[in-house]
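# Residue-level structural notes
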Amino acid sequence: MEDSIRNQFDHIPERISGLVDLAYNLWWSWNPEARTLFKQVNPQAWKESIHNPVRMLREIPIEFLKRAAENPAYLRRYDIVMRRFRKYMNATGTWFSAQYPDRSSLTIAYFSAEYGLHHSLPIYAGGLGFLAGDHLKEASDLGLPMVAVGFLYSQGYLHQQIDPDGWQEDITEPLDHDAAPIIRVLDSAGEDLVVRVPHIDPPIYVAVWKVQVGRIPLYLLDTDIACNDPRNRGISSRLYTGDLEQRLRQEIVLGIGGRKVLHALGIEYAAVHLNEGHPAFALLERIRERVERGMNFEEALEQVRATSVFTSHTPVPAGHDVFPVDLIDRYFQAYYPALGIDRTEFLQLGVHPQLPGAGFNMTAFALRASAHHNGVSRTHGSVTRQMWRCLWPGTPEATVPIDYVTNGVHVPTWLNHRMRDLYDRQIGPTCPNWLAEHDDPAIWELIDEIPDAELWHLHTWLKAKLFNRIREQERIKWAEQHPGGRPGPAAGGAFLNPSVLTIGFARRFSTYKRAHLIFEDMERLKRILNNRWYPVQIIFAGKAHPADNEGKRVLQQIYRYTQQPGFGGRVAFVEDYNEKVAQYLVHGVDVWLNNPLPPMEASGTSGMKASLNGVLNLSILDGWWTEGYNGRNGWAFGSETAACEGRDGTDAAAIYDLLEKEVVPLYYNRSIDDVPHGWVKMMKESIKSNGPRFSSRRMVKEYFARYYPSLLKSAGTEYARTPAAAKPRAPAWEPQVQGKTREEID
Ligand SMILES: *Cc1c(COP(=O)(O)O)cnc(C)c1O
């Protein structure tokens with residue numbers, strides 16, 4: 001632990017000072033024993049800190065810490081957890097080291113604009129961020145040599161507050177640097193490390209923070225420092241700004257600046273993994289460095305391609321950044337010459353063949369500058385091939401070189417710890433090391449042997465926890481008495497009843513996710529919700545992007561429904577969806593509803609989190625569910641074919657039919673012990689069929705198996721090769737007229 005941090009915690013008794021190391025390594029967040037260690041110092045202080053150990057250790061009265069340091073029972077636990085932690089951090093016997101005993105040096109640099117790791121570090125917007133966070137946690141658990149780069153968004157976390165009229169207000173909460181698990185990176189002289197982003201004028205400087213994600217260091221870039229002019233200071237203030245120029249500057253800082261920062265830190269890596277197109281300029285900088293060392297552009301591009309992986313995440317066109325040519329000119333005119341190419345050649349790298357005049361397309365560039373690229377589910381792989389086959393004209397769609405690796409979720413993060421204990425009791429005696437091998441489907445067959453009543457009662461307990469949490473949130477809101485008054489208590493869920501079949505719908509309010517779909521036929525829905533003997537209730541949560549007024553209107557509409565007596569108080573909206581709320585929801589509802597407009601959901605991951613905990617998916621056939629659904633582990637509806645007239649009505653009717661004919665009857669069919677055995681059977685099927693397959697362990701291993709040998713080979717030859725002497729640029733790579741493609745460029 002860095003002295004700069006250690007000094008700030010010298011009030012902590014020496015005997016338990018390891019708590020500081022633990023607090024500054026997110027390892028604690030996916031190891032329940034470590035979490036308990038913080039909680040046991042003082043449960044109220046833990047709660048007050050909103051489960052944030054850094055904040056807790058700063059704010060807790062010293063006497064609580066002294067008491068813990070003198071409590072033999074606490075110290076016994078402390079010693080055991082600290083020993084496990086140190087062993088984890090020093091581990092040599094990892095999965096990776098068993099695969100590649102002599103290859104610890106082949107580090108992969110992972111770049112992403114957002115990371116969802118824990119709510120105490122709010123540098124995420126949604127699914128893409130959680131995918132990145134889970135990837136890092138899993139890479140750590142497997143012992144993969146990896147280093148990651150992202151942004152510290154200092155001004156930009158937006159809390160959602162719903163006004164009495166149902167309109168989403170975005171409340172900015174500046175990051176409290178002292179309460180986040182981040183450490184400022186210093187240079188060799190002990191000063192804050194500051195790195196200049198090359199070739200950009202006026203200059204942009206970045207400071208760097210480090211987050212320890214188990215064994216993986218994540219470096220976060222921060223432009224909010226005094227030596228930057230005010231506009232530059234704001235570059236890292238918020239995620240996905242709508243201001244195109246500022247967004248371009250962000251992506252320059254992330255890619256080119258990020259590459260520079262790793263260099264300044266002396267971190268060697270041999271391959272790059274881009275999470276979505278935002279950080280793609282990192283590849284440009286890798287090319288430039290090679291050109292600087294004397295390679296020609298063509299050769300440098302080839303080498304960078306061979307050692308780069310690009311994962312595309314969205315079939316939504318707006319999800320792909322395109323920058324107008326005049327902006328590119330403004331920021332890159334000093335850069336073209338450094339690459340040894342001219343303007344036309346440069347622009348050609350980012351041309352979308354079908355929209356040649358649109359500007360510099362980051363996805364098109366990333367596809368051209370990486371040899372390995374993939375979508376994030378089988379369906380999305382095929383959609384991505386259709387979208388980008390224009391880069392490989394003449395190639396049949398099936399052989400367009402875009403692969404897929406289906407997403408997965410980090411099991412120790414998303415599996416509730418009480419559920420984990422239950423699985424442990426069932427699986428542990430036969431397979432003590434099951435958590436380390438949890439991507440093996442055979443192990444999960446043992447789930448079938450859990451007594452129905454035990455699984456059901458734990459599920460009921462988790463549901464009660466969710467409801468307590470929602471009511472508590474509602475109580476606090478009510479007590480705070482929003483200006484303008486608070487509408488009736490129905491909105492936030494005060495009327496929710498734990499014995500009623502409960503559907504959860506929580507995700508970003510992007511219009512393609514169709515949060516309003518279940519309200520298509522209001523009368524039919526009312527009949528379902530208000531059924532006297534078999535009632536149903538729905539909990540909604542999610543934020544709209546601050547600039548997405550259409551999303552906000554959908555949210556408002558749903559909010560208004562929560563207040564209509566006709567829905568019987570059976571529709572609730574939980575404010576301020578974040579990682580913590582997500583945890584409660586995916587553990588505690590009965591059914592997870594998902595009804596995007598196919599094929600827009602590239603994968604979706606919240607349903608995977610739900611099914612891991614025995615929550616059943618009721619989902620349209622899109623994204624991961626086309627692979628996950630097996631006819632026995634939940635419900636599916638809808639066809640994969642794209643939008644057509646009347647689609648909303650057909651899909652909604654399919655949901656009502658399933659609810660009326662299958663979901664509701666199965667749920668309320670109780671035997672004498674009040675356990676719905678048929679339902680529990682389906683829960684078990686869902687856990688065991690989805691748990692191993694949609695784990696990030698399976699996913700990271702798959703990336704590894706698919707790309708690592710080739711990366712290794714290419715990186716090996718690159719390492720072996722001494723920088724070539726300067727030679728004139730080979731004429732092989734000719735500027736192309738608009739519309740030409742990668743294949744032709746090659
Ligand atoms: C998992 C998760 C998401 C992504 O869920 P999708 O199903 O992909 O929409 C978004 N936000 C939070 C807080 C999550 O935990």
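Presented here is a report on the structure given in the accompanying data block.

## Some remarks on the pairing of strand E15 (residues 501-506)
Here E15 lies mainly inside the structure; six of its six residues are buried. The alternating pattern of E15 places Leu501, Ile503 and Phe505 and Thr502, Gly504 and Ala506 on opposite faces, both of which are buried. Taken together, E15, helix H23 (residues 522-529) and strand E16 (residues 536-541) constitute a β-α-β crossover, and its handedness is right-handed. Bridge count between E15 and strand E18 (residues 591-594): two bridges; the pairing is parallel. Opposite Gly504, over in E18, you have Trp592 as the bridge partner.

## With respect to the site of the ligand
Residues in contact with the ligand amount to 14 residues; listed here are only the nearest, Trp414, Lys513, Thr605, Ser606 and Lys609. Separating an oxygen atom of the ligand from a side-chain N or O atom of Lys513 is a distance of 2.8 Å. With respect to the ligand, the side chain of Ser606 contributes an N or O atom lying 2.5 Å from an oxygen atom. Protein chains shield 94% of the accessible area of the ligand, which is 390 Å² for the free molecule. For the shell around the ligand, the secondary structure elements donating two or more residues are helix H9 (127-142), helix H25 (579-588) and helix H26 (606-612).

## Considering the pairing of E16
Extensive coverage of E16 is indicated by the burial of six of its six residues. Going residue by residue along E16, you find Val536, Ile538 and Phe540 tucked away on one face and Gln537, Ile539 and Ala541 tucked away on the opposite face as well. With six bridges connecting them, E15 and E16 associate as parallel partners. The residue of E16 that forms the bridge with Gly504 is Ile539.

## A short note on the pattern of salt bridges
In the structure shown here, the tally under the stated rule is 47 salt bridges. For the salt bridge of Asp329 with Arg343, the shortest nitrogen-to-oxygen distance reads 2.8 Å. A residue pair is termed long-range when its members are at least 10 positions apart, and Asp329 in helix H14 (residues 325-332) and Arg343 in helix H16 (residues 343-349) qualify at 14 residues. The exposure class of Asp329 is buried, given its relative accessible area of 19%. The exposure class of Arg343 is partly exposed, given its relative accessible area of 37%.

What counts and what doesn't
Residues numbered from 1 in each chain as written. Predicted model: local features only at pLDDT ≥ 70, side-chain atom pairs only at ≥ 80, totals over all residues. Heavy atoms only, no water. Buried < 20%, exposed > 50% of the residue type's maximum accessible area, 1.4 Å probe, protein only. Helix = DSSP H or I, 4+ residues; strand = E, 2+ residues; numbered from the N terminus. Right-handed = clockwise from strand over helix to strand, strands pointing away. Pairing = 2+ DSSP bridges. Near = heavy atom within 4 Å. Polar contact = N/O pair within 3.5 Å; in protein donor to acceptor, adjacent residues only side chain to side chain. Areas by Shrake-Rupley, 256 points an atom, 1.4 Å probe, with all protein chains shown as cover. Salt bridge = Lys/Arg side-chain N within 4 Å of Asp/Glu carboxyl O.

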